[in-house]
Amino acid sequence: MPSPKEILDFCKKNEVKIVDVRFTDLPGLWHHISFPIGQLTESSFEDGFGMDGSSIRGWAAIHESDMLLTPDSAWYMLDPFCAVPTLVLIGTISDPLTRQKYDRDPRYIAQKAEAYLASTGIADQAFFGAEAEFFIFDNIRFDQREQHGFYFIDAEEGRWNSGREDSNLGYRPRVKEGYFPVPPTDHYQDLRTEMVMQMQAAGLHVECHHHEVASGGQAEIDIKYDTLVTSADHMLEFKYIVRNVANEYGKTVTFMPKPIFGDNGSGMHVHQSLWKGGKPLFAGDGYAGLSPMALNYIGGLLKHAPALAAIMAPTTNSYKRLVPGYEAPVNLAYSRRNRSAAVRIPMYSSSPKAKRIEFRPPDPSANPYLCFSALLLAGMDGIENRLSPGEPLDRDIYDLSPEELKNVPSLPGSLEDALDALEEDHEFLLKGEVFSEDVIHTWIDYKRKHEVDAVRLRPHPYEFQLYYDI
C-alpha cells in the first residue's frame, strides 16, 4: 500500500493541481468533492475533510449531516478526463465527533465483510471478478410528466434502424445474434479499444473486450479479479471510464439491465473464490472439480438468492431482464458449463488456482460494495451450516417440461417480491455486523418508496395500447 508521502510525491511529479475525493451513495453512484492540491497533506489521510451528507441518497438526516471524508491511500489514479491534472482518491465516511465509520457507507460495509471473513478462520481472502455488460447508444430521450411518458433510443447498431433512408450501410446485428461479429457489423471495436487503453493507463488489468449478444451496441469488457473491496473499487472506476470515453466519442452508455425490448439484457456475472494462506479452497475432487467447501458456498447462494435479489438485481428494470428465454438465470440451480443455470462452474482450466464459481443473476445496476458483500455472506452461511446445493442440473433449463421445472426454485419476479424476501431473510447479512438492521431497513424503505411505488403509480405507455378503448 502506498504511503501518504508517496502519493504527495506522485502529485508533485505529475504536476497535479486538484485532488478529487470520491465516495459512493447507497444505490451505488460515485460522488466527489474537489480541492486545490495544497489542501492535501499527509495529515489529510487521518484528519479528513468536512462534508455535508444530508443530500446523499439513503444517507444522514439533515440534523446529523456533518461528516468526515477521509482519503484512503490504498487506491489512486490520475483522472484521464480532466483538463487540469487531477488526482482521484477514494474516501471513507465517518462521524466527525466519534470518528466512528459510517454504517451506511457502502465501502465500509465491504471492508467489514473482508474483516468478517478473516475472523472466521475459514479463509483469509475472497476474490471477486465481475463482468459488467452495457449498451452504447447515439442518443437517449426520456420523460415522465402528469400527462405524458416516453423513452426513445437512437442507436446506429439498432436492428430497428434497418429501414432508415439515410446513413444506412446495412451492417447491424440481428436480434440475439450480436455475439462476436467482426467490423463493420461490430460498430464499436475502436471505441471499446479506447476504453481499454484508458483503463490500462489508470491501472486496471483488462482481460478482453467484445460485442455482446444483443443488438443496439451491447458490449462487454472484462477486468481481472481481485479482493472484494478492490474489485468493487475497480467496478466504480470501470463505469466512470466507460461512460466518459463514450461521452468523448459523442455516445452515451447505460448499465441499465434491460433498456431494449425483445433482446438480451445486461448482466454482471460475478466470479468468486476463497483462498487461505495463498492456497485456493474451491478446488477438490467433487462435482466439476469442486471442494465440499465450494459446494456448500453454492448452497448458501442458492438458499438466500431470493433475498440477495434485492441487492444484486436492485431495480424494477432488473426484472425485465430476469425472465425466461433471454439467457437470464431465473431458475436456481448449478451446473458446469450450462449458462442457463444461476451458478455456473467454468471449466476453461484444470488448474486449482482457476477453480471458481460464477453467479449469474446479478446485473450492473447493483452497488458492487453491497452486492459482493452480500454474496460473500450468503456463501459463508452455506459453508458454516454445510448447506447442500442439491443435485446439479446439466440440461438446458428452458428445455425442461413443466413437471420437471416445478421442482427447480426460481428468483422473485419483481423488485417488490425481492424486497419482501430480503425483509424475511437477512439474518445471514448481520453476521460480523457487516450489514446492520438500519442499513437493511433503509435499503428496503428507500427502494419501496423511490422505485417500486414510483413506477407502480405511473401509467405505462403500453397501457394506452392495451386499454385506451376498453
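Scroll up for the structure.
Residues numbered from 1 in each chain as written. Predicted model: local features only at pLDDT ≥ 70, side-chain atom pairs only at ≥ 80, totals over all residues. Heavy atoms only, no water.

## Some points on the packing of helix α10 (residues 415-424) against helix α11 (residues 437-456)
Helix-helix packing is characterised by the crossing angle of the two axes and by the distance between the axes. Remark: α10 packs on α11, axes separated minimally by 10 Å, with the N-to-C direction vectors making an angle of 160°. As the angle between them shows, α10 and α11 are arranged roughly antiparallel. Here the hand of the crossing between α10 and α11 comes out left-handed. Listed contacts from α11 to Leu415, Glu416, Leu419, Asp420, Leu422 and Glu423 of α10 are Ile440, Trp443, Ile444, Lys447, Arg448, Glu451, Val452 and Arg456. Taken together, the residues of the contact of α10 with α11 sort by class into 7 nonpolar, no polar and 7 charged. (Axes fitted to C-alpha atoms, helices over the stretch in contact; angles between N-to-C directions. Helix = DSSP H or I, 4+ residues; strand = E, 2+ residues; numbered from the N terminus. Parallel < 35°, antiparallel > 145°, perpendicular 65-115°, else oblique. Left-handed = near helix turned anticlockwise from the far one by under 90°. Contact = heavy atoms within 4.5 Å. Nonpolar A, V, L, I, M, F, W, Y, C, P; charged D, E, K, R; others polar.)

## What about the sheet that holds strand β4 (residues 66-78)?
Strand-to-strand pairing in sheets goes through backbone hydrogen bonds, with the strands running parallel or antiparallel. Across the sheet, 5 strands lie side by side as β2-β1-β5-β4-β3; this open sheet has mixed pairing. Two strands close off the open sheet at either side, each with one partner strand: β2 (30-36) and β3 (49-52). Strand after strand, the sheet turns through a mean of 40° between neighbouring axes, direction not considered. The pairing of β4 with strand β5 (residues 86-94) spans 8 bridges and is antiparallel. When the sheet's bridge partners are listed, Tyr76 is paired in β5 with Leu89. Contacts from helix α5 (residues 228-248) reach β1 (18-24), β2, β4 and β5, with the element oriented near 80° to β4. (Pairing = 2+ DSSP bridges.)

## So, the nonpolar core
Generally speaking, soluble globular proteins have nonpolar side chains that are buried together. Counting residues in hydrophobic clusters, the biggest one holds 103 residues, and the most contacted among them are Phe134, Met195, Met199, Phe238, Leu274, Leu376 and Phe435. Excluding its chain neighbours within four sequence positions, the residues that come into contact with Leu376 are Ala113, Leu117, Ala126, Phe128, Leu228, Leu274 and Tyr297. By size, the runner-up hydrophobic cluster in this structure holds 19 residues, among which are Phe49, Met51, Met67 and Leu69. (Core = buried A, V, L, I, M, F, W, Y, C linked by side-chain atoms within 4.5 Å. Buried < 20%, exposed > 50% of the residue type's maximum accessible area, 1.4 Å probe, protein only.)

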